[in-house]
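Spelled out from the first residue to the last, the chains are:
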Amino acid sequence: MPKLILSMDGLVLKEIALTKERTSIGRKPVNDIQIDNLSISGQHAVITHILGDAFLEDINSTNGTYVNGQPVKKHVLHNNDVIELGKYRIKYLSDASTQSVSATELIDTATLKPFDIGTVEAVEPLPSGTQAARTTVPSPIRAETSSIGHLLEHVGVIQVLNGVNAGQELELSKSVTTLGKPGHQVAVIMRREQSYFITHVEGRVYPSINGEQIDTDARKLNDYDIIEIAGVKMKFFLRS
């Protein structure tokens with residue numbers, strides 16, 4: 001079972017098992033993980049855990065949320081990622097049985113090509129007492145090749161049905177494929193044994209399947225389902 005290790009200045013304060021689909025972090029007592037410190041917003045961030053994968057979201061916090069030293073708004077958590085909230089550190093440890101097959105890819109549905117979310121500000125270390133200079137560095141979403149392709153008898157495929165890329169196909173060969181337009185609408189398709197599941201990640205409007213909007217729960221995909229994400233319609237089917 002995935003878990004979080006909360007620490008400050010190298011001292012472990014608490015271990016939290018991710019038993020819930022949604023785990024909130026913040027200063028207020030209503031949060032699942034309460035950090036009573038003024039540098040932490042009342043409702044600072046949330047971790048959504050679905051089918052073995054975890055997604056971190058900063059909830060417009062005052063001081064921001066960092067992962068491995070980089071500021072993030074949305075982030076797919078990987079084993080040993082370190083979430084930084086002020087002086088506090090939260091280490092994410094994925095389930096040992098799934099971490100070896102975790103892989104993610106972000107696809108812009110308008111182009112069906114790997115999408116770079118742009119640039120983020122990074123602080124360059126300078127001598128004590130000197131104001132830090134800020135620079136921009138590229139921060140592409142991580143994309144890896146999964147080692148589980150041989151485990152499935154059928155591989156899922158999405159085929160674009162409208163727009164300039166109509167007819168183009170994308171094999172869902174990774175354990176997690178993220179589709180959509182960051183800042184507008186994003187969803188993930190997760191590969192689990194012989195099945196595929198879709199869930200909403202970002203945006204006020206949820207994706208739809210066969211003309212019906214999905215809710216916050218993961219939805220299993222069936223052969224020839226029609227998915228619509230960020231205005232792009234796609235057909236899902238299984239290929240032997």
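Just above sits the structure.
Because the structure is predicted, anything quoted here is derived from the model rather than measured.

Now for the nonpolar core. Core analysis: the largest hydrophobic core is formed by 20 residues, its most contacted members being Leu4, Ile35, Ile47, Leu56 and Ile83. Top contributing element to this core by residue count: strand β11 (residues 88-93), with 3 residues. With residues up to four places along the chain from it excluded, the contact list for Ile47 reads Leu4, Leu18, Glu21, Arg22, Thr23, Ile25, Ala54, Phe55, Leu56, Leu77 and Ile83. Residues Ala187, Ile229, Val232 and Met234 belong to the second largest nonpolar core, which totals 19 residues.

We now examine the sheet that holds strand β3 (residues 22-26). An order of β4-β3-β5-β6-β9 is seen for the 5 strands of this open sheet, with the pairing classed as mixed. Either end of the sheet is taken by a strand with one partner, and the two such strands are β4 (33-34) and β9 (74-76). One ladder, built from 3 bridges, connects strand β6 (residues 53-58) with β9; its direction is antiparallel. Residue pairing across strands places Leu56 opposite His75, the latter belonging to β9.

Pairs may arise between side chains of opposite charge once their charged atoms sit close together. Applying the stated criterion across every chain, the model contains 6 salt bridges. A salt bridge links Arg239 to Glu171; its shortest N-O distance comes to 3.5 Å. With Arg239 in strand β25 (residues 232-239) and Glu171 in strand β17 (residues 169-171), the pair connects residues that are 68 residues apart, well separated along the chain. Among the residues examined, Arg239 registers a relative accessible area of 31% and is labelled partly exposed. Taken together, the shared-partner salt bridges in this structure form one network comprising Glu169, Glu171 and Arg239.

Attention shifts here to the pairing of strand β18 (residues 176-181). Each regular strand displays side chains that alternate between the two surfaces of the sheet. Across the 6 residues of β18, 5 count as buried, placing the element largely inside the fold. Alignment of β18 against strand β19 (residues 185-192), held across 6 bridges, turns out to be antiparallel. If you follow Gly180 over to β19, its bridge partner there is Val186.

For the coordinates displayed, the defined rule picks out 2 aromatic pairs. Here Tyr224 and Phe237 contribute two aromatic rings whose centre-to-centre distance is 6.5 Å and whose plane-to-plane angle is 15°, an arrangement assigned as stacked. Taken together, the residues Tyr224 in the loop between β23 (219-220) and β24 (225-229) and Phe237 in strand β25 connect sequence positions 13 residues apart. Residue Tyr224 is classed as exposed on the basis of its relative accessible area of 53%. Judged by its relative accessible area of 11%, Phe237 falls in the buried class.

Rules used throughout
Residues numbered from 1 in each chain as written. Predicted model: local features only at pLDDT ≥ 70, side-chain atom pairs only at ≥ 80, totals over all residues. Heavy atoms only, no water. Core = buried A, V, L, I, M, F, W, Y, C linked by side-chain atoms within 4.5 Å. Buried < 20%, exposed > 50% of the residue type's maximum accessible area, 1.4 Å probe, protein only. Helix = DSSP H or I, 4+ residues; strand = E, 2+ residues; numbered from the N terminus. Contact = heavy atoms within 4.5 Å. Pairing = 2+ DSSP bridges. Salt bridge = Lys/Arg side-chain N within 4 Å of Asp/Glu carboxyl O. Phe/Tyr/Trp six-rings, centres within 6.5 Å; stacked < 30°, edge-to-face > 60°.

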